[in-house]
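Residue-level structural notes
Single-letter residue listing:
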Amino acid sequence: MDARITKTRLSNLLSYDWLKIIGAIAAAVLLICVLFTTIATRAGEERLYKIYAYGTVSAGEDEGTVSEILLRNQVFSYDIADVSVEVFGTGQYSEAAYTARRMAGEGTVMFVNNRETLSEEEEVTSEFRTLIGSYEDGLALDVAQWLEDCESYLQRFFGEDWRAGTLDEEEAEACFLARNAEDNRYRSEEKRAQGIEDEKARLEKLRTDYIFLLECFENQTFTLIEAENADGERKSYAIGVGGLPGISDLFYYTYEEEGATVRSAEDLCMLLFRNDYDAGAGAETQHDLRFETVSFLRYLAETYGEEQ
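Here's a quick rundown of the structure.

Reading the values: rules and limits
Residue positions are given per chain, counting from 1 as you read along its sequence in written order. Per-residue local features are limited, in this predicted model, to residues with pLDDT of at least 70; the limit for side-chain atom pairs, both in listing and counting, is 80 or more; totals at the level of whole chains, interfaces and linings are taken over all residues. Based on all heavy atoms of the structure, the side-chain values leave hydrogens and waters out of the count. What counts as a salt bridge is simple: a side-chain nitrogen of Lys or Arg found within 4 Å of a carboxyl oxygen of Asp or Glu. Counting from the N terminus, the helices are the DSSP runs of H or I reaching at least four residues and the strands are the DSSP runs of E reaching at least two. Accessible area is worked out with a 1.4 Å probe on protein chains only. A residue is then buried under 20% of its type maximum, exposed over 50%, and partly exposed in between. For a helix, the expected span equals 1.5 Å multiplied by the number of residues minus one. In this context, the arc is that of the directions from the helix axis out to the C-beta atoms. Contacts described as polar in this section are N or O atom pairs within 3.5 Å, which, within protein, must combine one atom able to donate a hydrogen with one able to accept it, while residues neighboring in sequence count only if both atoms come from side chains. A pocket, in this scheme, is an open set of points on a 1 Å grid over the protein atoms alone with protein on both sides within 12 Å along at least 5 of 7 lines, while a cavity is a set where a 1.4 Å probe fits but cannot get out; residues line either one if an atom lies within 4 Å of a point. Grid points are joined across faces, edges and corners, and a volume is the space filled by probe spheres set on the points. Strand pairing is assigned whenever DSSP identifies at least 2 bridges connecting the two strands. For helices, the axis comes from a line fit to the C-alpha atoms of the stretch in contact; other axes are also lines fit to C-alpha atoms, and the angle between any two N-to-C directions lies between 0 and 180 degrees. Residues are treated as being in contact if the distance between any of their heavy atoms lies within 4.5 Å. Pairing of aromatic rings covers Phe, Tyr and the six-membered ring of Trp, with a centre-to-centre limit of 6.5 Å; geometry is then stacked below 30 degrees between planes, edge-to-face above 60, and tilted otherwise. Here, over-ring charges are defined by two tests on the NZ atom of lysine or the CZ atom of arginine: distance to the ring centre within 6 Å, and angle to the ring normal within 35 degrees.

A word on the pattern of salt bridges
Summed over the entire model, instances satisfying the criterion amount to 25 salt bridges. Ionic pairing is found between Lys235 and Asp137, a salt bridge with its closest N-O pair at 2.8 Å. On the criterion of sequence distance, the pair formed by Lys235 in strand E8 (residues 234-240) and Asp137 in the loop between helix H4 (127-133) and helix H5 (143-158) is long-range, its members being 98 residues apart. According to the relative accessible area criterion, Lys235 is partly exposed, its value standing at 23%. Across the salt bridge formed by Arg179 and Asp288, the nearest N and O atoms sit 3.3 Å from each other. Pair noted here: Arg179 is in helix H6 (residues 169-180) and Asp288 is in the loop between strand E11 (268-272) and helix H8 (293-304), with a separation of 109 residues, a long-range link. Overall, Arg179 belongs to the partly exposed group, its relative accessible area being 23%. On the accessibility criterion, Asp288 (6% relative accessible area) is buried.

Remarks on H6
Along its 12 residues, H6 runs 16 Å from first to last C-alpha, staying within 8% of the 16 Å computed at 1.5 Å per residue. Among all positions of H6, only Ala172, Cys175, Phe176 and Asn180 are buried. Looking straight down H6, one finds that the buried residues subtend no more than 100 degrees of arc, so they occupy a single side. The exposed set on the far side of H6, more than 90 degrees from its buried face, consists of Glu170 and Ala178. Its side-chain oxygen placed 3.2 Å from the backbone nitrogen of Glu170, Asp168 serves as the N-cap of H6.

Regarding the layout of surface pockets
Each pocket or cavity is described by its volume, and for the largest pocket that value is around 660 Å³. Looking at the largest pocket, it is lined by 34 residues, and the ones nearest its centre are Glu46, His287, Asp288, Leu289 and Arg290. Listing elements by their share of the lining of the largest pocket, those giving two or more residues are strand E1 (48-53) and H6. For the lining of the largest pocket, the element with the most residues is H6, which contributes 5 residues. Size it by volume and the second largest pocket reaches roughly 210 Å³. Lining the second largest pocket, in full, are Leu70, Leu71, Gln74, Val75, Phe76, Ser77, Tyr78, Ile80, Asp198, Ala201, Arg202 and Lys205. Elements represented by at least two residues in the lining of the second largest pocket include exactly helix H2 (66-72) and helix H7 (189-218). Broken down by element, the lining of the second largest pocket gets its largest block of residues, 4 residues, from H7.

A short note on the sheet that holds strand E3 (residues 82-87)
Spatial strand order, E3-E1-E4-E11-E8-E7: 6 strands in an open sheet with mixed pairing. Here the strands that pair on one side only, and so sit at the sheet edges, are E3 and strand E7 (223-228). Taking each pair of neighbouring strands and ignoring which way they run, the sheet shows an average axis angle of 30 degrees. Relative to E8, E7 runs antiparallel, the two being bridged by 6 bridges. Within E8, the position partnered with Glu228 by the bridge is Arg234. Lying over the sheet, H5 contacts E7, E8 and E11, oriented at roughly 75 degrees with respect to E8.

Quick word on the packing of aromatic side chains
Under the defined criterion, the tally for this structure stands at 18 aromatic pairs. Ring centres of Tyr52 and Phe273 lie 6.0 Å apart, and the angle between their planes is 70 degrees; this geometry places the pair in the edge-to-face category. Pair noted here: Tyr52 is in strand E1 and Phe273 is in the loop between E11 and H8, with a separation of 221 residues, a long-range link. According to the relative accessible area criterion, Tyr52 is buried, its value standing at 1%. Judged by relative accessible area, Phe273 falls into the buried class, the value being 3%. One aromatic cluster in this structure is built from Tyr49, Phe76, Phe111, Phe251, Phe296, Tyr299 and Tyr304. Geometry around Phe273 places Arg102 over its ring, the cationic atom sitting 3.9 Å from the centre.

Some points on the pairing of E1
When you tally the buried positions in E1, you get 5 out of 6 residues, the bulk of the element. Taken together, the 6 bridges between E1 and E3 define a ladder with parallel strand orientation. Residue Tyr49 lies in a different strand from E3, and its bridge partner there is Val83. Across 3 bridges, E1 lies against strand E4 (residues 109-113) in parallel orientation. Residue pairing for E4: Ile51 is matched across the bridge by Val109.

Written out as structure tokens, the structure reads:
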């Protein structure tokens, strides 16, 4: 059989089968893309720290660079894979975009305007209180409970005297394995050993940052902001950050007063989204990264507050 490749045969092949060849190449490329997408390690939602600004809250000069700074300066632990910021605004599709994010379980914290205004019913309210009042007890964490839970969580690793106690390394390793044993990042023994060391560093940092945060509440750098939910329950659903002199460089709001537009952050607050049901679980929490916001709050205080 004459199977030689000649110019005539090659020309005929290309003339009649070129569409099949292109289709086969495209299918092969698509298959490779699907394969690598399927087997690639993806960060879970809990490892994505997402900062939102709601309604009348606008972005300050630092908004565009804060994500990069937080990652570069290792403000969060090793287990936070990415940081992002989104400002929803008051445009036509803003509420729809916000609702879509929350329905997908996205978002870690959100800055909201708590400046008091009169509602259409002539009642004193604020954007924050209106937001909380439109939900049952499920939108935001009770910050007071969250702080207690963080202290109980630290006692699990450092003992009852968690401020001065020595880290229980076996418990730290158990915590790491419970969260990351099946993670492809730690398939080798070497990487798993490094991950355990990173976990120990995470816990040590959390203790240091939490002590710092408690001092911020004691000296009124941060305050607890209460509001009633749709069920009439009153809880501390946010943290007042308006006491930070420079916080408007990150987020601010405006209002009209005597014909002039005033830029302010005096009544700015930050809520912590309720993305788990570990409130009150303390040491038994199943979501270790729910306390990463402790470190974010320290960053805010050190960056936008008075000299510590």
